[in-house]
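Here are the chains, one letter per residue:
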Amino acid sequence: MLGYRLFGACFVTVALLVVSISTAAAYTVQSGDTLWGISKRSGVPVTKIAGDNHIANPDRIYAGQQLTVQGDPPGPVPIVDTGQSGAAAGAATYVVKRGDSLWKIARQTAVSIDQIVSLNNISASAVLHVGQRLVLAPPPPPAPQVVHGEAARQLLVAAAREFKVDVAFVLAVALWESGYNQGVVSSTGAIGLMQIEPATGAWAGPALLGTAVDLTDARSNARLGSALLAHYLQGFNNAPKLILSSYYQGATATQKKGVLPESQRYVDGVWSLRNRLAAGG
């Protein structure tokens, strides 16, 4: 376990003032606040808060500073038919009107008679009644629950322990990357708690877990991210910053060139955060 083999870390205690933060609001930094604490409470990644507020060093914020804490906008709300009479294709339901037949409704709505019969548990010869509501499409599957906050943290802790990686290390990566929010998708397409790129998931799932992985599933995302850190742990002889560099820029680049300049802020920031979390921050 990384925590069993990494020593000499500089632990910093940090007081976090518990406040409520909107995911789309101005926020005034309080005494004792850290960017990581704000990220954890708001579910907005550290990198996004820092970028939105032009903060070069995430370790340096000050009481009274005004921050924009802007989460991702919610996805589109599905629109369903309200049951009004009509013949628009794709409507979820249809209200029978005078002169209608199954054949006529199927033609108007582009839904087969077989599907209408099956969804409404009627026969093809059934007599329709004016005002009768017919279902034209099965209900959509429920939207996947976005796991965040303490529920996400528990999944991360379990995954870290499963793959024998220091819990604070896994939590620091997830907190920096996503703010413990499975719903985060980066501009490059990285997904979920551990912000795993689909291409990485495609090889790492079969290679490290023995199966393809659904990165949109919070538990699978946490497990694969932890497995990746464990994999790099073996390859870089317990050197934490090289492990982080591999996670961020890739193992091949790290082996050839070490920590690239553009990766330095990420590596130092996550490692500092790991030390804070390990110290109880």
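Keep in mind the model is a prediction, meaning the values are calculated, not measured.

1. Some remarks on the overall build of the chain
Within the chain one finds twelve helices and four strands. The contacts of the chain with a sequence gap of at least 6 include a subset with a gap of at least 24, amounting to 54%. As displayed, the chain has an accessible area near 14,800 Å², and 56% of this comes from carbon and sulfur atoms.

2. Describing helix 6 (residues 149–162)
Three or four residues apart is the spacing at which side chains of an α-helix point the same way, because the helix has 3.6 residues per turn. Taking 1.5 Å of rise per residue, the 14 residues of helix 6 would be expected to cover 20 Å, and the 20 Å separating its terminal C-alpha atoms lies within 8% of that figure. Within helix 6, the full set of buried residues consists of Ala152, Leu156, Val157, Ala159 and Ala160. The buried residues of helix 6 occupy an angular sector of 165° when projected down its axis, which confines them to one face. On its buried face, helix 6 is in contact with helix 7 (167–178) and helix 9 (218–235). Just downstream of helix 6, Lys164 is the residue with a positive phi angle, here 60°.

3. Considering the nonpolar core
If you look at soluble globular proteins, the nonpolar side chains tend to sit buried side by side. Ranked by internal contacts, the top residues of the largest apolar core, which has 58 residues, are Leu35, Leu156, Val173, Tyr180, Met194, Leu229 and Tyr247. Apart from residues lying up to four places away in sequence, Met194 is in contact with Leu156, Val170, Val173, Ala174, Glu177, Asn221, Ala222, Gly225, Ser226, Leu229 and Tyr247. Residues Val96, Val111, Leu128 and Leu134 belong to the second largest nonpolar core, which totals eleven residues.

4. A few points about the pattern of salt bridges
One pass over the structure, following the stated rule, counts six salt bridges. A salt bridge links Lys97 to Asp100, with the nearest nitrogen and oxygen atoms 3.8 Å apart. Lys97 gets classed as partly exposed once you look at its relative accessible area, which sits at 31%. Accessibility expressed as a relative area gives 13% for Asp100, which makes it buried. Put simply, Glu150 and Arg153 hold a salt bridge, and the shortest N to O gap is 3.9 Å. Residue Glu150 and its partner Arg153 are located together in helix 6, separated by three residues, close to a single helical turn. Using a relative accessible area of 48% as the deciding quantity, one classes Glu150 as partly exposed.

5. A short note on the environment of Ile243
By the element assignment, Ile243 lies in helix 10 (residues 240–249). Linking Ile243 and Val267, residues 24 residues apart in sequence, is a C-alpha distance of 8.9 Å.

6. Looking at unusual backbone geometry
With phi around 55°, Asn121 is a residue other than glycine that occupies positive phi space. Within the fold, Asn121 resides in the loop between helix 5 (113–120) and strand 4 (133–135). At Tyr180, a position not held by glycine, the phi torsion is positive, near 60°. Assignment of secondary structure puts Tyr180 in the loop between helix 7 and helix 8 (198–209).

7. What about the confidence of the model for the chain?
Per-residue confidence for the chain gives a mean pLDDT of 81, with 81% of residues at or over 70. The model gives residues 1–24 a pLDDT under 50, and that stretch makes 58 contacts with residues more than four places away or in other chains. Note on residues 72–90: pLDDT under 50 across the span, and 20 contacts to partners over four residues away in sequence or across chains.

8. Points about the packing of helix 4 (residues 102–109) against helix 5
With their axes 9 Å apart at the nearest point, helix 4 and helix 5 run at an angle of 110° to one another. By the criterion of interaxial angle, the relationship of helix 4 to helix 5 is roughly perpendicular. From helix 4, Leu102, Trp103, Ile105 and Ala106 reach across to helix 5, where they touch Ile113, Ile116 and Val117. Classifying every residue of the contact of helix 4 with helix 5 by side-chain character gives seven nonpolar, no polar and no charged.

9. Here's the deal with the packing of helix 10 against helix 12 (residues 264–278)
Helix packing geometry: the angle between the two helix axes and the distance between the axes. Remark: helix 10 packs on helix 12, axes separated minimally by 9 Å, with the N-to-C direction vectors making an angle of 125°. Here helix 10 is positioned oblique relative to helix 12, judged by the angle of their axes. Our pair here, helix 10 against helix 12, has a crossing hand that is right-handed. On helix 12, the residues that touch Pro240, Lys241, Leu244, Ser245, Tyr247 and Tyr248 of helix 10 are Tyr266, Val267, Asp268, Val270 and Trp271. Residue classes in the contact of helix 10 with helix 12 are distributed as eight nonpolar, one polar and two charged.

Calculation notes
- Numbering of residues starts from 1 in every chain and runs along the sequence as written.
- In view of the model being predicted, local features appear only for residues whose pLDDT reaches at least 70, and side-chain atom pairs are presented and counted only at 80 or more, with totals across whole chains, interfaces and linings using the full set of residues.
- The side-chain values count all of the structure's non-hydrogen atoms but skip hydrogen atoms and water molecules.
- Counting from the N terminus, the helices are DSSP H or I runs at least four residues long and the strands are E runs at least two residues long.
- Residue contacts are defined here by distance: any two heavy atoms, one from each residue, within 4.5 Å place the two residues in contact.
- Only the protein chains shown count as cover for residues, with accessible areas throughout obtained via the Shrake-Rupley method and a probe of 1.4 Å.
- Expected helix span is taken as 1.5 Å per residue step, with the number of steps being one fewer than the number of residues.
- The rule is simple: take the accessible area with a 1.4 Å probe, protein chains only, and divide by the maximum for that residue type; under 20% is buried, over 50% is exposed, in between is partly exposed.
- Here, the arc refers to the directions that run from the helix axis to the C-beta atoms.
- What makes a nonpolar core is a set of buried Ala, Val, Leu, Ile, Met, Phe, Trp, Tyr and Cys residues whose side-chain atoms join them at distances within 4.5 Å.
- Only one rule defines a salt bridge in this text: a Lys or Arg side-chain nitrogen within 4 Å of an Asp or Glu carboxyl oxygen.
- A residue's pLDDT is the confidence the predictor assigns to it, expressed on a 0 to 100 scale.
- The angle between two axes is taken between their N-to-C directions and runs from 0 to 180 degrees, where each axis is a line fitted to C-alpha atoms and a helix contributes only its stretch in contact.
- An angle below 35 degrees is treated as roughly parallel, one above 145 as roughly antiparallel, one from 65 to 115 as roughly perpendicular, and anything else as oblique.
- Put simply, Ala, Val, Leu, Ile, Met, Phe, Trp, Tyr, Cys and Pro go in the nonpolar bin, Asp, Glu, Lys and Arg in the charged bin, and everything else, Gly too, in the polar bin.
- Handedness of a crossing follows from how the near helix is turned relative to the far one, being left-handed for an anticlockwise turn of less than a right angle and right-handed for a clockwise one.

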